[in-house]
Amino acid sequence: MMKIEANIVDIVKKRIFFGTIQIESGRIYSVEEKIGTSDKYILPGFIDSHIHIESTMLVPSEFSPVALSFGTIGVVADPHEIANVLGIKGVRYMIENAEKVPLRFYFGAPSSVPATEFETSGAVITPDDIETLMDNDEVSHLSEVMNYPGVLAETPDIMTKLEIAKKFGKEIDGHAPHLSGTDLEKYISAGCRTDHEADSYQEGEEKIQKGMKILIREGSAAKNFEALAELIDKYPDEVMFCSDDLHANDLVKWHINLLVKRAIANGCDLFNVLRAASFNPKKHYYLNSGLLQKGDSADWIMVDNLTEFNVLETYINGEKVYDRVEQNTKKIPIRIVNKFEVIPKSIDDLRLKATSENIKVIVAENGELTTKGIITKAKIENGFAVSDIQNDILKIVNVSRYGNTKPTVAFIKNFGLKRGAIASSIAHDSHNIIAVGVDDESILKAVNSIIRAKGGISVCDGEEIIQLDLPVAGLMSDQKAEVVARKYTELNEKAKELGCNLDAPFMTLSFMALLVIPELKLSDKGLFDAQKFAFTDVFVH
């Protein structure tokens, strides 16, 4: 039997006391209050209530040691990204890889693959696939229902998937950016009980009052903590923390622990904050993680104080899985899976013949997944519309990786590049190749470099290419987190050196193909108006 003495943070009964925890066979045998003092605190480990592991560019086995070092013991993960590439085989790949490490992964069944019919994806997740996944104990919930227009229209495919989740008694995650009023009520009544897209206090409060739980998101691109933090004390039982999309260079610095620290610094009640970080997701998703109660799984973290929450040790099932002093550097072999069926493109593929003097332009927003749309005068040379560097109107290209179709071309504002191009095979949700650049030659080099590597992120300065290869489904590296973070940081710095003024250039770029987020986006099939949910012409006639 194992014993640990420290200050015990009991978030169930909302009290802190010095005591002893006894562990037997991976479970808590007893918790005894004693007279004494300690400079260390034991509390339940943190849970990320919604994350796409693929967005870190790490496979689960490489994500795990980093997350454990920040006190995360579990993640509610949506393998939606790899499912868009490889279908149900991709979901099984993530589960298989995650089983090699101690971190608790609670994978969902991706509900919207493809996210829309207006793009080319590598696979389709059918209702029969959902049935198969839901019958697996390793699958804990139905992942975010991004096709909210389909729910409102009661389309058979998505409604069948919702009914399957209900049949198995599993939770359904929502995804309803700016949905309000009777439409929101209909969406909730269909079974969608969480939302991580709220970006204002008013939106979050309306969703809570109508029956949703709000996942307060702080990722690499979408940062909603400041807007939603007041919900923590007003609705302490209805909020959780999540990162959603977090790139490796941020993950090596922080995870859910950062939201905990910031909430405490903002004056939020300690127990309300810790409940959002562990208790609430456990209860909502019926997770098997422990809360330091007798009979619980012996999961906890040891920290040095309750303001900075510096993690000294992390335990899962009574086993020490992280030690700040003795860090484990063992690397687990990674199996490569992928789907890349496109040959290099030519300059002619990127040319856009002008059919009018005016064009519709996507306006990217720093730190947001949403965009705006404007109409402006096109720069035309030799009958072709080209990038207008002076007015920051740059060419954006989407290249299908699932066949040799002609790329789609449009224009975008606020990337700020003065020379060169950036490109990525991480392009939500179908993960075709998305690129922005000042000239066709640079765009072509960046895109073709990714095609040859069968996945990656690249920067072309007009001549040379810097690239992070992503051989696992074109989404994830086979390297350790520190290596990926270092290379990704180099790419970000290079993009900014070329003039890009976005905080997270590649994260923002990856969402320029996400059709279910308003307002104007580019798929491999054309420019898309997410408000009308229909294609639209680049040129205004």
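It should be noted that the structure appears before, not after, this text.
Residues numbered from 1 in each chain as written. Predicted model: local features only at pLDDT ≥ 70, side-chain atom pairs only at ≥ 80, totals over all residues. Heavy atoms only, no water.

S.K.: Whenever I open this one, the side chain of Ser523 confuses me. Can you help?
M.R.: Here Ser523 lies in strand β26 (residues 520-523). When its relative accessible area of 1% is taken as the criterion, Ser523 is described as buried. From its side chain, Ser523 meets the backbone nitrogen of Lys525 in a polar contact 2.8 Å long. Not counting chain neighbours up to four residues away, the residues in contact with Ser523 comprise Phe118, Glu119, Asn398, Thr408, Leu515 and Phe535. (Helix = DSSP H or I, 4+ residues; strand = E, 2+ residues; numbered from the N terminus. Buried < 20%, exposed > 50% of the residue type's maximum accessible area, 1.4 Å probe, protein only. Polar contact = N/O pair within 3.5 Å; in protein donor to acceptor, adjacent residues only side chain to side chain. Contact = heavy atoms within 4.5 Å.)

S.K.: Help me understand the nonpolar core, please; the structure alone is not making it clear to me.
M.R.: Note that soluble globular proteins tend to have their nonpolar side chains buried in a common cluster. If you look at the biggest cluster of nonpolar residues, it comprises 183 residues, and the most contacted ones within it are Phe63, Tyr187, Phe241, Phe309 and Phe415. If you tally residues by element for this core, the top one is helix α13 (residues 270-285), at 8 residues. In contact with Phe241, other than residues within four places in its own chain, are Ile47, Asp48, Ser49, Ile216, Ile232, Ile256, Leu259, Val260, Ala263, Val273, Ala276 and Ala277. (Core = buried A, V, L, I, M, F, W, Y, C linked by side-chain atoms within 4.5 Å.)

S.K.: Before we go on, may I ask you to explain the pattern of salt bridges in this structure?
M.R.: Oppositely charged side chains may form a pair once their charged atoms are brought near each other. Here the structure, examined in full by the defined rule, presents 33 salt bridges. Arg262 is the partner of Glu226 in a salt bridge, and the nearest nitrogen-oxygen pair spans 2.8 Å. Taken as a pair, Glu226 in helix α9 (residues 225-228) and Arg262 in helix α12 (residues 256-265) lie far apart in primary sequence, 36 residues in all. On the basis of relative accessibility, which here comes to 22%, the residue Arg262 falls in the partly exposed class. Overlapping salt bridges, with partners in common, bring together Arg419, Asp461, Lys494 and Glu497 in one network. (Salt bridge = Lys/Arg side-chain N within 4 Å of Asp/Glu carboxyl O.)

S.K.: Looking at this model, I keep getting lost on helix α6 (residues 156-167). Mind explaining?
M.R.: In an α-helix there are 3.6 residues to a turn, and that puts residues three or four apart on one side. Its 12 residues place the ends of α6 16 Å apart at the C-alpha level, agreeing with the 16 Å of an ideal helix rising 1.5 Å per residue. Among the residues making up α6, those that are buried are Ile158, Lys161, Leu162, Ile164 and Ala165. The buried side chains of α6 occupy one side of the element, clustering within an arc of 160 degrees when seen end-on. Looking at α6, the residues exposed on the side facing more than 90 degrees away from the buried face are Pro156 and Lys167. (Expected span 1.5 Å × (residues − 1). Arc of directions from axis to C-beta.)

S.K.: I would appreciate a short explanation of the pairing of strand β11 (residues 213-217) in the present structure.
M.R.: Both faces of the sheet carry side chains from a regular strand, because those side chains alternate between them. Burial within β11 is extensive, with 5 of its 5 residues counted as buried. Burial of β11 is two-sided: the residues Lys213, Leu215 and Arg217 facing one way and the residues Ile214 and Ile216 facing the other way are all buried. Bridge count between strand β10 (residues 194-195) and β11: 2 bridges; the pairing is parallel. Bridge pairing links Thr194 to Lys213 in β11. (Pairing = 2+ DSSP bridges.)

S.K.: How should the environment of Lys494 be read in this particular structure?
M.R.: Structurally, the position occupied by Lys494 is in helix α16 (residues 481-497). Sequence-wise, Lys494 and Cys460 are 34 residues apart; in three dimensions their C-alpha atoms are separated by 8.9 Å. If we skip the residues at most four places from it in the chain, Lys494 touches Val459, Asp461 and Ile466.

S.K.: Would you mind going over a negative patch on the surface with me for this structure?
M.R.: On the surface, a cluster of negative charge is made up of Glu99, Asp135, Asp137 and Glu138. Looking at where Asp137 falls in the secondary structure, it is placed in the loop between α4 (127-134) and β8 (139-145). (Patch = residues over 30% accessible without salt bridge, like charges linked within 9 Å, V, L, I, M, F, W, Y side chains within 5 Å. Areas by Shrake-Rupley, 256 points an atom, 1.4 Å probe, with all protein chains shown as cover. Lys, Arg positive; Asp, Glu negative; His and termini not counted. Charge placed at Lys NZ, Arg CZ, Asp CG, Glu CD.)

S.K.: Would you explain helix α1 (residues 60-69) in this entry?
M.R.: Extensive coverage of α1 is indicated by the burial of 9 of its 10 residues. Restricting attention to buried positions, one finds in α1 the residues Pro60, Ser61, Glu62, Phe63, Ser64, Val66, Ala67, Leu68 and Ser69.

S.K.: Teacher, can you tell me more about the sheet that holds β11 here?
M.R.: Strand order in the open sheet formed by 3 strands is β10-β11-β12, with parallel pairing between adjacent strands. If you trace the sheet from one side to the other, it starts and ends with β10 and β12 (239-242), each paired once. Against the sheet, α13 touches β10, β11 and β12, its axis set at about 100 degrees to β12. (Axes fitted to C-alpha atoms, helices over the stretch in contact; angles between N-to-C directions.)

S.K.: What exactly am I supposed to notice about the sheet that holds strand β9 (residues 171-174) here?
M.R.: Remark on secondary structure: sheet strands pair via backbone hydrogen bonds, oriented parallel or antiparallel. One open sheet holds the 5 strands; their spatial order is β5-β6-β7-β8-β9, and the pairing between them is parallel. At either end of the open sheet lies a strand with only one pairing partner, and these are β5 (46-51) and β9. The average undirected angle you get between the axes of adjacent strands in this sheet is 25 degrees. In the sheet, strand β7 (residues 104-109) pairs with β8 via 3 bridges, with the strands oriented parallel. Residue Gly108 lies in a different strand from β8, and its bridge partner there is His141. Its contacts with the sheet put α6 on β8 and β9, and the angle it makes with β8 is roughly 150 degrees. Strand contacts of α13: β5, β6 (72-77), β8 and β9, with the helix running at about 65 degrees to β5, the strand carrying the most contacts.

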